[in-house]
Amino acid sequence: MTTAAQQKAQQNRSTVFVEVGKLSSVERLPGDQFILRIRAPKCAAAARPGSFVHLTCDPAAPMRRPLSIMRVVDDCIEILYKIVGEGLQRLSEKKPGDTISILGPIGHPFRPSPERPKALLIGGGVGIPPMIFIADSLRQQPDTWTPLAILGSEIPFPFARQRSQLATPWLSNAIIDTMPLLEGWGVPCRLATLSGMDGCFDGYVTDLAEQWLSTLSAQDLAKTQIFSCGPTPMLKAVAALAEKYDLPCQVSLEEFMACAVGGCGGCTVVIKTPEGEAMQRVCVDGPVFDAASVVW
Ligand SMILES: Cc1cc2nc3c(=O)[nH]c(=O)nc-3n(C[C@H](O)[C@H](O)[C@H](O)COP(=O)(O)OP(=O)(O)OC[C@H]3O[C@@H](n4cnc5c(N)ncnc54)[C@H](O)[C@@H]3O)c2cc1C
Ligand code: FES
């Protein structure tokens, strides 16, 4: 018998393509961070906020590496990464015109609920890219979405910070820096760090998020939902915040991945299901899960 989780994973696998992507631009940022734009039309057409790709960095590093899709521009995907080890180091040596084998888009995306148009997007470090993708998606939908992004980093942010013109009356005027891309889209954003950056909130993303949530009326809270991606301790704190304010919350998890298509079982996490706790694969059952279902 096929379980609901198996059906979900099966549906997901049918959207995954293998294609030869062509690198169209490379942006080098402080802190060993890079933004690559890769022409991959099939992947770009099927990508959704929360999707990731599993890509080959270099023939000398045969294992693919999983990276979130930050956004889609025409028939290109953009990824943002920070060098950790050999694979991403080699990827950073690629030049425009080089090819990269792309497997993707992989994974269950975020599922925004239209009944809760106040979307709080919380991204930390290399968890920022999926928050950019979801902000881009929500701002392109008509009607009433009012996303607020809170991004955190302990190394230089992967963009040149700018002063925001978008009002956040719940916050001191000194906390004014934002991400230019989001500012241009009209999506309010504020930045948090413990590394002492002028114009940024001095603390954790969750402290800043709580500062906003604590100003909301019960009526506004009933219209609020949270989406988040970042290091596991941050996601755990986001899940606790969501529980405190009784808010639905979806988190995108990271695990070590070998195959990224559900075959090796190397990326499992424990998830609470109606049938009890179960091992689920981050690659094909996630990476997005309801925060309340994750056994942290
Ligand atoms: C779904 C998903 C999305 C991700 N999105 C991003 C992103 O947008 N930007 C970004 O900078 N990083 C992202 N990561 C983390 C990124 O995949 C790892 O940092 C990267 O694989 C490290 O490779 P490396 O060759 O530099 O390091 P190495 O140390 O050489 O990696 C060795 C092995 O460990 C695995 N590995 C190492 N660290 C991680 C990790 N944190 N999570 C999973 N596998 C790991 C690698 O896949 C590789 O097989 C994501 C991870 C997952 C699972
Ligand atoms: S990485 Fe192989 S099952 Fe997820």
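Model, not experiment: these values are computed from the prediction. Counting restarts for each chain, with residues numbered from 1 along the sequence as it is written. Chains carry letters from A onward and ligands carry numbers from 1 onward, assigned in written order. Totals for whole chains, interfaces and linings use every residue, but because this is a predicted model, local features are given only for residues with pLDDT of at least 70 and side-chain atom pairs only at 80 or more, for both listing and counting.

Paired strands, in this sense, are two strands between which DSSP finds at least two bridges. Helix numbers and strand numbers start at the N terminus; a helix is a DSSP run of H or I with at least 4 residues, a strand a run of E with at least 2. Spatially, the 7 strands line up as an open sheet ordered β4-β3-β7-β1-β2-β6-β5, and their pairing is antiparallel. Pairing within the sheet leaves two strands with one partner each, and these edge strands are β4 (65-68) and β5 (71-73). For this sheet, the mean angle separating the axes of adjacent strands, direction not counted, is 40°. With 3 bridges connecting them, strand β3 (residues 52-55) and strand β7 (residues 99-106) associate as antiparallel partners. When the sheet's bridge partners are listed, F52 is paired in β7 with I106. Interaxial angle, 0 to 180 degrees, is taken between N-to-C directions of lines fitted to C-alpha atoms, where a helix line uses only the stretch in contact.

As a further point, take the environment of L151. One can find L151 in strand β9 (residues 148-152). Exposure in this text rests on C-beta crowding, where 20 or more other C-beta atoms within 10 Å of a residue's own make it buried, 12 or fewer make it exposed, and counts in between make it partly exposed. The C-beta atoms are placed from the backbone. A count of 28 C-beta atoms within 10 Å places L151 in the buried class. When the C-alpha atoms of L151 and I132 are compared, they prove to be 9.9 Å apart, with 19 residues separating the residues in sequence. Contact between two residues is assigned when their C-beta atoms, built from the backbone, lie within 7 Å. Residues contacting L151, with those up to four places away along its chain left out, are G123, I128, M131, M179, C189 and L191.

With 83 residues, the main nonpolar core has V53, I77, L121, M131, A149, V238 and V251 as its most contacted residues. Residues contacting V53, with those up to four places away along its chain left out, are C43, L67, I69, I77, I102, L103, G104, P105 and I106. In this usage, the nonpolar core is the set of buried Ala, Val, Leu, Ile, Met, Phe, Trp, Tyr and Cys residues whose C-beta atoms join them within 7 Å.

So, about the environment of A174. Within the fold, A174 resides in the loop between β10 (162-163) and β11 (177-178). For the pair A174 and V270, spaced 96 residues apart in sequence, the C-alpha separation works out to 41 Å.

Those residues of helix α6 (residues 205-213) that fall on the buried side of the exposure criterion are V205, T206, L208, A209 and L213. In a view along the axis of α6, the buried residues occupy a sector of 160°, so they form one face of it. Next to the buried residues of α6 lie β8 (118-124), β9, β12 (189-193), β13 (201-202) and α8 (232-244). Regarding the arc, it is the one traced by the directions from the helix axis to the C-beta atoms.

Time to look at the sheet that holds strand β15 (residues 249-252). Strand order in the open sheet formed by 7 strands is β13-β12-β9-β8-β14-β15-β18, and the pairing between neighbours is mixed. Single-partner strands in this sheet number two, and they are β13 and β18 (288-290). As paired elements, β9 and β12 share 4 bridges and run parallel to each other. Bridge pairing in β12 places L151 opposite L191. Against the sheet, helix α4 (residues 128-140) contacts β8, β9, β14 (224-229) and β15, and its axis sits at roughly 155° relative to β8. Against the sheet, α6 makes contact with β8, β9, β12 and β13, and its axis sits at roughly 155° relative to β9, the strand it touches most.

A few words on the pairing of β15. Burial along β15 is two-sided: the face carrying C249 and V251 and the face carrying Q250 and S252 are both buried. The pairing of β14 with β15 spans 4 bridges and is classified as parallel. Along β15, the bridge assignment pairs I226 with C249. We call a crossover right-handed when, viewed with the strands running away from us, the connection from the first strand over the helix to the second turns clockwise. Between the parallel pair β14 and β15, the chain is carried across by α8, and the sense of this crossover is right-handed. Across 3 bridges, β15 lies against β18 in antiparallel orientation.

Moving on, we come to the pairing of β8. The buried count for β8 comes to 7 of 7 residues, which makes it a mostly enclosed element. What you see with β8 is no split at all: K118, L120, I122 and G124 on one side and A119, L121 and G123 on the other are buried throughout. Of the pairings in the sheet, the one linking β8 to β14 comprises 6 bridges and is parallel in character. Its bridge partner lying in β14, L120 is registered against I226.

The subject of this paragraph is the domain arrangement of the chain. Start and end positions for the domains come from either an automated domain assignment or a database one. Along its sequence, the chain is organised into domain 1 (12-106) and domain 2 (118-249). One C-alpha centre belongs to domain 1, the other to domain 2, and the line joining them spans 25 Å. Listed by contribution, the elements that provide at least two residues to the side of domain 1 that touches domain 2 are β2 (33-39) and β6 (76-82). Residues of the side of domain 1 that touches domain 2, tallied by class, amount to 9 nonpolar, 4 polar and 2 charged. Polarity classes work like this: nonpolar for Ala, Val, Leu, Ile, Met, Phe, Trp, Tyr, Cys and Pro, charged for Asp, Glu, Lys and Arg, and polar for all others, with Gly in that last group.

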